[in-house]
Amino acid sequence: LRRWPPTAPESAQRTGRRELNKMHVDLDRMCHLVVLAIENCVTAFKEQDYELARDIIHGDKQINDVERSIEAKCLSLILKQQPVASDLRDVSTALKVVTDLERIGDQSADIAELILEMKEMDSFLMIGHIQDMAKIATKMVKEALDAFHQHDLKHALEVKKMDIKMDELFDQVKEDIIQMIKESNDKGDLTINFLMIAKYFERIGDHVVNICEWIEFNQTGKLNNTRLI
């Protein structure tokens, strides 16, 4: 017969499972907000949509708020519930992943602020490699989060390799900017903004790589071939 009410260990286990589910709900929400931020960032850049750029900046606070909520839930689970090894990996992974997600949100907002400074007509079309970086950044974020939700280590490792192309494009952007300066000396501020935007996209790629590495940790307990849990 099933005991009722449940014993203390059973009750604690159920409470821990509920808290873990709540954490995952918040994590799903943060993933959605970050994907939306990077997608809007790309659209704002391509279409010179200054209103959308402002929305990205204002939306960054919402991402930060969700991050704090997830961190609080994770710390509560660790301190009060003493999760088993597999759940502890989930909680530890969430704590690390939200840090990278928050930084991707910050960098999307940083790009949006630079877009607002770029009022010159057709300036967004001057360096095509930045648009290529934006496409890859968006693809990397989406696919890494898909791999994270599906616990798909193989997919995560494939996404990680995409950062090589991102780094190559960043080098091409730097060459484009050098050529632009040679052709015209009156675009100093614009070229700096281009370089900063490209750097932020490159950093988004780096944070995606971090997320992929934490997926590997979640599945194997190892990080960079070192067992942690």
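Here, the structure is the one placed above.
What comes next concerns the included structure. None of these values were measured; they are calculated from a predicted model.

**Here we look at the side chain of E102**
Here E102 lies in helix α3 (residues 85–117). Lacking a salt bridge, the buried E102 has R103 as its closest oppositely charged neighbour, with an N-O distance of 4.7 Å. Not counting the four nearest positions on each side in its chain, E102 is found in contact with M30, I63, N64 and E67.

**Side note on a nonpolar patch on the surface**
Together, L75, I78 and L79 line one region of the surface with nonpolar side chains, adding up to about 290 Å² of accessible area. Of note, L79 is situated in helix α2 (residues 50–81).

**Re the pattern of salt bridges**
Two side chains that carry opposite charge are able to pair once their charged atoms sit near each other. Taken as a whole and judged by the stated rule, the model has 12 salt bridges. Of the charged contacts in the structure, one is a salt bridge between E143 and K139, with a shortest N-O distance of 2.7 Å. Taken together, the residues span about one helical turn, with E143 and K139 both in helix α4 (residues 128–150) at a distance of four residues. Through salt bridges that share partners, K61, D65 and R68 make up one connected network.

**With respect to the packing of α4 against helix α7 (residues 188–220)**
Across the interface, α4 lies against α7 with an axial gap of 9 Å and an inter-helix angle of 20°. Between α4 and α7, the crossing angle belongs to the class labelled roughly parallel. For the pair α4 and α7, the sense of crossing is left-handed. Judged by residue contacts, I130, M133, A134, A137, M140, V141, A144, A147 and F148 of α4 engage F194, I197, A198, F201, E202, I204, G205, V208, I211, C212 and I215 from α7. For the contact of α4 with α7, the class distribution of residues is 18 nonpolar, one polar and one charged.

**Considering helix α5 (residues 153–161)**
Every buried residue of α5 is listed here: H155, A156 and V159. Along the long axis of α5, the arc covered by the buried residues comes to 100°, so they all point the same way. Away from its buried face, by an angle of more than 90 degrees, α5 presents the exposed residues K154 and K161. Where the residues of α5 are buried, they touch α4, α6 (163–183) and α7. For α5, the capping residue at the N-terminal end is D152, with a side-chain oxygen 3.3 Å from the backbone nitrogen of K154.

**Some remarks on the environment of N218**
Summarising the element assignment, N218 is placed in helix α7. Under the relative-accessibility criterion, N218 is labelled buried at 10%. The spatial distance from the C-alpha of N218 to the C-alpha of H151 is 8.1 Å, given a sequence separation of 67 residues. With sequence-adjacent residues up to four places away left out, N218 is seen in contact with R89, D90, T93 and H151.

**Looking at the packing of aromatic side chains**
Two measures describe an aromatic ring pair: the distance that separates the ring centres and the angle between the ring planes. By the definition in use, this model includes one aromatic pair. The interplanar angle of 85° and the centroid separation of 5.3 Å between the aromatic rings of W214 and F217 together place this pair among those described as edge-to-face. In this pair, W214 and F217 are both assigned in helix α7, three residues apart and thus about one turn of the helix distant. W214 sits in the buried class, given a relative accessible area of 14%. Here F217 falls in the buried class, since its relative accessible area comes to 2%.

**Quick notes on the nonpolar core**
By size, the foremost hydrophobic cluster in this structure holds 69 residues, and its most contacted members are L101, I130, V141 and F201. For this core, the secondary structure elements donating two or more residues are α1 (8–47), α2, α3, α4, α5, α6 and α7. Here this core gets 14 residues from one element, more than from any other, and that element is α1. Setting aside its immediate chain neighbours within four residues, I130 contacts F45, V173, F194, I197, A198 and F201.

Conventions we followed
Note on numbering: residues in each chain are counted from 1, in written sequence order. The predicted origin of the model limits local features to residues at a pLDDT of at least 70 and limits the giving and counting of side-chain atom pairs to 80 or more, whereas totals for whole chains, interfaces and linings rest on all residues. The side-chain quantities take in all heavy atoms of the structure and omit both hydrogens and water. Runs of E in the DSSP output that reach at least two residues are strands. Runs of H or I that reach at least four are helices, and both are numbered from the N terminus. When a residue's accessible area, from a 1.4 Å probe over protein chains only, is under 20% of the maximum for its type it is buried; when over 50% it is exposed; and in between it is partly exposed. Residues scored as charged are limited to Lys and Arg (positive) and Asp and Glu (negative), so that His and the chain ends carry no count. A pairing counts as a salt bridge when a side-chain nitrogen of Lys or Arg comes within 4 Å of a carboxyl oxygen of Asp or Glu. By the convention used here, residues are in contact when the closest approach between their heavy atoms is within 4.5 Å. Think of a patch as exposed residues, more than 30% relative accessible area, with no salt bridge, where like charges cluster within 9 Å and nonpolar side chains (Val, Leu, Ile, Met, Phe, Trp, Tyr) cluster within 5 Å. Residue exposure ignores everything except the shown protein chains as possible cover, and the areas themselves are Shrake-Rupley values with a 1.4 Å probe. In this analysis an axis means a line fitted to C-alpha atoms, helices contributing only their contacting stretch, and an angle means the value between N-to-C directions, from 0 to 180 degrees. Throughout this description, any angle smaller than 35 degrees is read as roughly parallel, any larger than 145 degrees as roughly antiparallel, any in the 65 to 115 degree range as roughly perpendicular, and the remainder as oblique. By definition, any crossing whose near helix is turned counterclockwise from its far helix by less than a right angle is left-handed, and any crossing with a clockwise turn is right-handed. Each residue is assigned to one class: nonpolar for Ala, Val, Leu, Ile, Met, Phe, Trp, Tyr, Cys and Pro, charged for Asp, Glu, Lys and Arg, and polar for all the others, Gly among them. The arc refers to the directions leading from the helix axis to the C-beta atoms. By the criterion applied in these results, polar contacts are pairs of N or O atoms within 3.5 Å in which, for protein atoms, one can donate a hydrogen and the other can accept it, and in which residues neighboring in sequence qualify only through two side-chain atoms. Each pair of aromatic rings taken from Phe, Tyr and Trp, with Trp reduced to its six-membered ring, is defined by centres within 6.5 Å and is described as stacked if the planes are under 30 degrees apart, edge-to-face if over 60, and tilted in the remaining cases. Note on terminology: a nonpolar core comprises buried Ala, Val, Leu, Ile, Met, Phe, Trp, Tyr and Cys residues joined through side-chain atoms within 4.5 Å.

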